[in-house]
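Here are the chains, one letter per residue:
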Amino acid sequence: MSVPYETAAYEPPDSPESPEEHLARLLGRALNSFELPDETIRRLDCALVHDGSLHSAHHSAGMHRETYRHTWLLADGSAVTLWELVHNTAPGSEPQHEVYVDEEELRTATARLPLPADAQDFELPVTVQLLPAPALRQVYVPDDSPDHARRLLRRAENTDRPGTETAALLTTACGHRITQAFGRPARTGRAGLSFSLYEHAFLLGDGAELSLWEVEHTVTPDGRHMCEVYVSEDAARDAMERRAAQVS
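Residues numbered from 1 in each chain as written. Predicted model: local features only at pLDDT ≥ 70, side-chain atom pairs only at ≥ 80, totals over all residues. Heavy atoms only, no water.

Draft legend 1. Highlighting the overall build of the protein. Regarding its fold elements, the protein presents 6 helices and 9 strands. Sorting the 248 residues of the protein into buried and exposed places 44% on the buried side. Taking all contacts inside the protein whose residues are at least 6 apart in sequence as the whole, residues at least 24 apart take part in 60%. (Helix = DSSP H or I, 4+ residues; strand = E, 2+ residues; numbered from the N terminus. Buried < 20%, exposed > 50% of the residue type's maximum accessible area, 1.4 Å probe, protein only. Contact = heavy atoms within 4.5 Å.)

Next comes the structure, spelled out in structure tokens:
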């Protein structure tokens, strides 16, 4: 006996969904999504790819129940799975959606449904087909990265700092890392001047990586520290050389 396709809750869209869109649709239709642990939701903020598939189904006398497995691959190489329960056993026979973090919770919820005991249950092999995740060149820390990006851009004083397009991309950041860059130092003939170069690398919500390059220096009239931000390392190092040339 086949499972009627029109009862399925997971219908692949015409164009591929991002991991964030897939999660948002799932949580938006689940009646109990507010019960999910906050830690689970935070981990899913850094998802790179996802997979969703029908796991099992139960149909009898106009009533049905399906379970779906939704899996996300995270930036650190681990995976998170959520189980979706869909049924029409509530008054009015409207489809109801529920979501659970493990199979034990799913089985408990399924056992409560008023389905006939003699109805056949169909279970499909669990096959997760996650697309290869992009190879990350950094290890990222999920620590309010959009706010870190906003503060970095706000303190940049150079007129050619990254613009609104870059700022918009960084609102999706779900992890970042700061490292100091060395090599090709700017040279000046005046003692007491200093230059430092930092890479602020961000992992965006779609799995892409974006780096901003921060130059800190004291080539200012009063010797105070000044911050400049550039979209590439070459641009940042060229700016350091220009500043150094002003006082050589």
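Draft legend 2. Region of the structure containing a negative patch on the surface. On the surface, Glu20, Glu21, Asp45 and Asp206 cluster together to form a negatively charged patch. Within the secondary structure layout, Glu21 lies in helix H1 (residues 19–29). Take Glu21: its relative accessible area is 44%, and that puts it in the partly exposed class. (Patch = residues over 30% accessible without salt bridge, like charges linked within 9 Å, V, L, I, M, F, W, Y side chains within 5 Å. Areas by Shrake-Rupley, 256 points an atom, 1.4 Å probe, with all protein chains shown as cover. Salt bridge = Lys/Arg side-chain N within 4 Å of Asp/Glu carboxyl O. Lys, Arg positive; Asp, Glu negative; His and termini not counted. Charge placed at Lys NZ, Arg CZ, Asp CG, Glu CD.)

Draft legend 3. How the structure looks around the environment of His50. Structurally, the position occupied by His50 is in strand S1 (residues 47–60). Taking the relative accessible area as the measure of exposure, His50 reaches 17% and is therefore buried. Through-space distance from the C-alpha of His50 to that of Ser18 is 8.0 Å; in sequence the pair is 32 residues apart. Polar side-chain contacts of His50 include one of 3.3 Å to the side chain of His22. (Polar contact = N/O pair within 3.5 Å; in protein donor to acceptor, adjacent residues only side chain to side chain.)

Draft legend 4. Quick peek at H1. Taken residue by residue, H1 has Pro19, His22, Leu23, Leu26 and Arg29 as its buried positions. The arc enclosing the buried residues of H1, seen along the axis, measures out at 145°, which places them on a common side. Set apart from the buried face of H1 by more than 90 degrees, the exposed residues are Ala24 and Gly28. (Arc of directions from axis to C-beta.)

Draft legend 5. Main features of the sheet that holds strand S6 (residues 175–181). The antiparallel open sheet is built from 4 strands, whose spatial order is S6-S7-S8-S9. Edge positions in the open sheet fall to S6 and strand S9 (226–230), since each of these has one partner strand only. Averaged over all adjacent pairs, the angle separating strand axes in this sheet is 25°, with direction ignored. Alignment of S6 against strand S7 (residues 195–203), held across 7 bridges, turns out to be antiparallel. Across the sheet, the residue bridging to Thr179 is Glu199, located in S7. The strands that helix H4 (residues 145–155) touches are S6, S7, strand S8 (209–217) and S9; relative to S7, the one it contacts most, it runs at about 145°. (Pairing = 2+ DSSP bridges. Axes fitted to C-alpha atoms, helices over the stretch in contact; angles between N-to-C directions.)

Draft legend 6. Spatial organisation of the pairing of strand S3 (residues 79–87). Burial analysis of S3 places 8 of its 9 residues in the buried class, the great majority of the element. Where strand S2 (residues 63–74) meets S3, 9 bridges bridge the pair, whose relative direction is antiparallel. Looking at S3, one finds that Arg69 is bridged to Trp83. As paired elements, S3 and strand S4 (residues 96–100) share 5 bridges and run antiparallel to each other. When the sheet's bridge partners are listed, His87 is paired in S4 with Gln96.

Draft legend 7. Spatial organisation of the pairing of S1. Here S1 lies mainly inside the structure; 12 of its 14 residues are buried. Here 12 bridges tie S1 to S2, and the two strands are oriented antiparallel to one another. Bridge assignment links His58 to a residue of S2, and that residue is Arg65.

Draft legend 8. Broad picture of the environment of Leu27. Relative to the helices and strands, Leu27 resides in helix H1. The sequence separation of Leu27 and Glu98 amounts to 71 residues, and the corresponding C-alpha distance is 8.8 Å. With near-sequence residues (within four places) excluded, Leu27 lies in contact with Ser33, Leu36 and Ile41.

Scope: geometric values only; no functional claims are made or implied.
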